[in-house]
Amino acid sequence: MPARCGRRHTAAMTFVPPPAEELAILDRELRRLDARRAQLLARRSWLLAVLNGAGAVPAGPPRLPAGAWPAAPKPAGAGPAAEASPPGVQNLLLVLGGLLLAVAAVAFTLVSWGHMGIGGRSAVLGAVTVAALAAPAPLLRRGLRSTAESVGVLALVLTVLDAYALHRVAFPGTDGVLYTAVAATLLAALWSAHGLLLPRLSTPLPAAVLVAQAALPLWALSGAAGAPDVAWALLVTAALDVAAALRARPAVVRGFAGAAAAATGGGALLTGLQRSAAAATPAEAVLPGALLLAGAALALYWAWRAPAVAVAASLVAGVSGVAAVGGAARAALPHGWGVLGYLLCGTALLVLVRAALPTGVRRGLAAAAGTVQAAAALSAVPLVLLCLAGPVTRLTGVWAGAPSGARGALPPQWPLSSLWSTPVVLAVLAATAAVAAFRPRALPLPAAGGEAADRLRRAAVCVAAGLAWAALLVVPAVVDAPFAVTLAWQLAVALGLLAWAAHRPATASAVPVVALVYGLTASASVALLSLATRPATFTVLGVVTAALAAVALRATGTVRPAVAACAATLAATGLAGAAAAASGLPEHRAALILPAVPAAAAAVGARLGRHPVALPVEAASVPAALLAVVLAAGRPAPLSLVLGLLGVIAAALALRAERRPAAGHLAAALFVLAAWARLLAWDVTSPEAYTLPVTAAALAVGALRRRRDPGASSWTAYGPGLAVTFVPSLLWAWGDTHWLRPLLLGTAALAVTLAGARGRLQAPLVLGGAVLALVALHELAPYVAQVVGALPRWLPPAVAGVLLLATGATYEQRLRDARRLRDGLGRMR
């Protein structure tokens, strides 16, 4: 009995209805799901309509008729989907309607105005304007917000047209600028009241802010009695905008007011800056200074009350305050010292900024001081560049004689009154950067600790050093020092920078690298300056070479030693070139002096071994070798000697295991070139004299490689060596009328072909056979031409036809022969 019950329970658990009944169940479930989905979609549409205010809000969600099944949702592929939502279409229609009404109102006012009397005109515009201003209220109560916005914009346009019509009818003789200013004021007040009464409208208040910007500036431009200055009008407008940006309720109004404050305040400050810069006396700079100080106070107040714009506003406040005080100082100082006045004001601002100020204000004022200092540094750049590159511009020739004074590097029209202020400006900037590096708490620098503070200090040290070097660089030009004093001064500065670059910091730092860059730039400048006289050239190049070599040996890391070593080798190249020029020898003989630089570099590299400096020294000596080759290129005999010396140096380098691969190939190439130059000096014109030594050496190397690596291809081992001789000799033989060269070339090609066949080597067999066939064709060509000329003209086509027929008849056999030949060549190495 229990077993029977268990079987019945299992059967009940696994019962499956008949197919017809199951299909009916599935249909019912699908209809129920479709009905639920339709209800959810209808609810979603109703909620979207409520949120967008696109129409009258229904009293409740849509309901389906009782007993009615909703339509099944449209399948995805049944038709195209809607490309625009109902709210988007509605807004587009409203915008187009409002635009058309505005155009119609403008056309009515400008074109059809004269067809009506004064009463009709006033009644039409007045009624339409009042209706447009009053219409948004009931529309908002009914939830038609988009429609209310469109009508509200139309009302604003109509008020502008009313103001224009009133000027044309009632005040035709009034000054247009003054009337526009009054109209802008009244329109701003009207629109503000309209926006405050209907706060749900988003257009009136921003429009009121924008139109209010024109009121005071237009009043100032009208020239009416009691009108203020334009700059002050702009500043007062900016003050009103700042008040609106701080106190207005809607965020969009605050945004418009802030942008308007930046525009009008910027215009006022730029005007004050231009007037301050044009003031010739301190009295003339008072009024622009007062304007700038008022603008600075307004910007600082805005920065204090609005943290979002604190940095930008306080930056403007700091620059304006410095411009106000610095403008008065510039007018009081002698001509050329105005930059120093601005710089001192900016430095004082940097010192006076303290941590008690809000963070944004402090950062903005510090940025303003930095901006002033950067502008002062830029004012000194032209003089620094002229002093740095002046030797190139004033040298008439190498060893042409010492110039008269250091001011010779400056253009004749350079204002001498500004020379004395430049080193003072640079010294003040360098001192400020040094304070930031060694006493950062004395300046309003951002709080940083650990690695960030170290990076900031290192950057300040680099900036201070660069500014101090620039200040020292312009001193000879300021005092118009003689050539010897200028040369000694710049050489001492360069040596000081190189000594700083050679120090070994306790931790990894970029400061020594920057110091090396400064030192190399100063060394290049003084080296160019020394080209004026021969003793100065040898002295400066010798001292600079020794100093750079010391930096390369003492500096740590990889960058500084390598760069210093390369620079030292280049300086030694210049010294050798100066020695060659001073020797008075012809160019092809003076070229024999320059290989001393690669020889010395190779000796130094051998002495240093695997030191990181060894390779840069050897690589930097390549320009000396190239210069020697260029100087000797006009004479084959000296060129051969120069190439031989360079080959010996490369062979000496190849004795070291780490240089053997590259230096060995270079030595072989140099020796071959030297031999060719010697043959050219002996007027040898036969190509075999140039190619056979290379072929013999290449074949010997290939044989050694094949012995070490039997699997190496014959094209790699023997192909280049054979081609070096075969190709030039074949080209020469085709133009040679004598029989000896073709005979020798054909004999050599036959020998190479037989050697390739015997050794089953592909390269000798193919190259030798091709050359042999071409030589035979060259020798038989005259006879073939004679025979062809003697034969009837119909015979060659007939022979060609017979050959084609024979080839076609034995086509398969020829294919098999070609495959066997290809396979045979493929099996060769």
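For clarity, every value in this text was computed on a predicted model and none was experimentally measured.

Caption draft 1: Main features of the overall build of the protein chain. When its secondary structure is counted, the protein chain shows 34 helices and 0 strands. Summarising the internal contacts of the protein chain: among those between residues at least 6 apart in sequence, 67% fall at separations of at least 24. Roughly 45700 Å² of accessible area belongs to the protein chain as shown, and the carbon and sulfur atoms make up 71% of that amount.

Caption draft 2: Examining the environment of Ser417 more closely. Within the secondary structure layout, Ser417 lies in the loop between helix H15 (359-394) and helix H16 (421-438). A relative accessible area of 29% places Ser417 in the partly exposed class. The sequence separation of Ser417 and Trp337 amounts to 80 residues, and the corresponding C-alpha distance is 8.1 Å. Residues contacting Ser417, with those up to four places away along its chain left out, are His335, Gly336 and Trp337.

Caption draft 3: Summary view of a nonpolar patch on the surface. A cluster of nonpolar side chains, contributed by Val513, Val517, Val559 and Val563, occupies part of the molecular surface with about 270 Å² of accessible area. At the level of secondary structure, the elements contributing two or more residues to the nonpolar patch comprise helix H19 (511-529) and helix H21 (559-582). With respect to the helices and strands, Val563 occurs in helix H21. A relative accessible area of 35% places Val563 in the partly exposed class.

Caption draft 4: Representation of unusual backbone geometry. You will see that Asp480, though not glycine, has its phi angle at about 55 degrees, which is positive. Structurally, the position occupied by Asp480 is in the loop between helix H17 (451-479) and helix H18 (483-501). The partly exposed category is assigned to Asp480, whose relative accessible area is 37%. At Arg760, a position not held by glycine, the phi torsion is positive, near 55 degrees. Inspection of the secondary structure assignment puts Arg760 in the loop between helix H31 (740-759) and helix H32 (762-790). By relative accessible area, which is 44% here, Arg760 ends up partly exposed.

Caption draft 5: Looking closely at helix H27 (residues 660-681). The end-to-end C-alpha separation of H27 is 31 Å, in line with the 32 Å expected for 22 residues at 1.5 Å each. Ala663, Ala667, Leu670, Ala674, Ala677 and Leu679 are the residues of H27 that are buried. The inward-facing, buried residues of H27 abut helix H26 (636-654) and helix H28 (687-708). Of the residues one or two after H27, Asp683 is the one with positive phi, at around 60 degrees.

Caption draft 6: Layout of the nonpolar core. Of all hydrophobic cores here, the largest spans 27 residues; its most connected members are Phe483, Leu487, Leu498, Val540, Val544, Leu548 and Val551. Going through the elements one at a time, H18, H19, helix H20 (534-554) and H21 are the ones with two or more residues in this core. If one sorts the elements of this core by residue count, H20 sits on top with 7 residues.

Caption draft 7: Region of the structure containing helix H10 (residues 230-247). When the terminal C-alpha atoms of H10 are compared, their 26 Å separation across 18 residues agrees well with the 26 Å that a helix rising 1.5 Å per residue should span. Listed in full, the buried residues belonging to H10 are Ala231, Ala233, Leu234, Leu235, Thr237, Ala238, Asp241, Val242 and Ala245. Next to the buried residues of H10 lie helix H8 (204-212), helix H9 (215-222), helix H11 (251-278) and helix H12 (286-305). The opening residue of H10 is Asp229, an N-cap whose side-chain oxygen sits 3.0 Å from the backbone nitrogen of Ala231.

Caption draft 8: The arrangement of the pattern of salt bridges in detail. Scanning all chains against the criterion turns up 6 salt bridges. The shortest N-O distance in the salt bridge between Glu618 and Arg659 comes to 2.7 Å. Placement of Glu618 in helix H24 (residues 614-620) and of Arg659 in the loop between H26 and H27 is noted, with a sequence separation of 41 residues between them. By the burial criterion, Glu618 is buried, and Arg659 matches it. Salt bridges sharing partners connect three or more residues here, namely Arg610, Glu618, Arg656, Glu658 and Arg659.

Cut-offs used in this document
- Here, residues in each chain are numbered from 1, in the same order as that chain's written sequence.
- Side-chain atom pairs in this predicted model are given and counted only at pLDDT of 80 or more, local residue features only at pLDDT of at least 70, and totals for whole chains, interfaces and linings cover all residues.
- For side-chain calculations, the full set of non-hydrogen atoms in the structure is used, while hydrogens and water are omitted.
- Starting at the N terminus, helices and strands are each numbered in turn, a helix being any DSSP run of H or I of at least four residues and a strand any DSSP run of E of at least two.
- Residues count as neighbours in contact if any of their non-hydrogen atoms are within 4.5 Å of one another.
- Residue burial considers only the protein chains on display, and all accessible areas are found by Shrake-Rupley using a 1.4 Å probe.
- Relative accessibility thresholds used throughout: buried, under 20% of the residue-type maximum; exposed, over 50%; partly exposed, between the two (1.4 Å probe, protein chains only).
- Like charges within 9 Å and nonpolar side chains (Val, Leu, Ile, Met, Phe, Trp, Tyr) within 5 Å are joined into patches, using only residues over 30% in relative accessible area that form no salt bridge.
- We count a salt bridge whenever a side-chain nitrogen from Lys or Arg sits within 4 Å of a carboxyl oxygen from Asp or Glu.
- Each residue after the first adds 1.5 Å to the expected span of a helix.
- As used in this record, nonpolar core signifies buried Ala, Val, Leu, Ile, Met, Phe, Trp, Tyr and Cys residues forming a set joined through side-chain atoms within 4.5 Å.
- The term polar contact refers here to a pair of N or O atoms within 3.5 Å; inside protein, the definition further demands a hydrogen-donor-capable atom paired with an acceptor-capable atom, and it admits residues adjacent in sequence only when both atoms are side-chain atoms.

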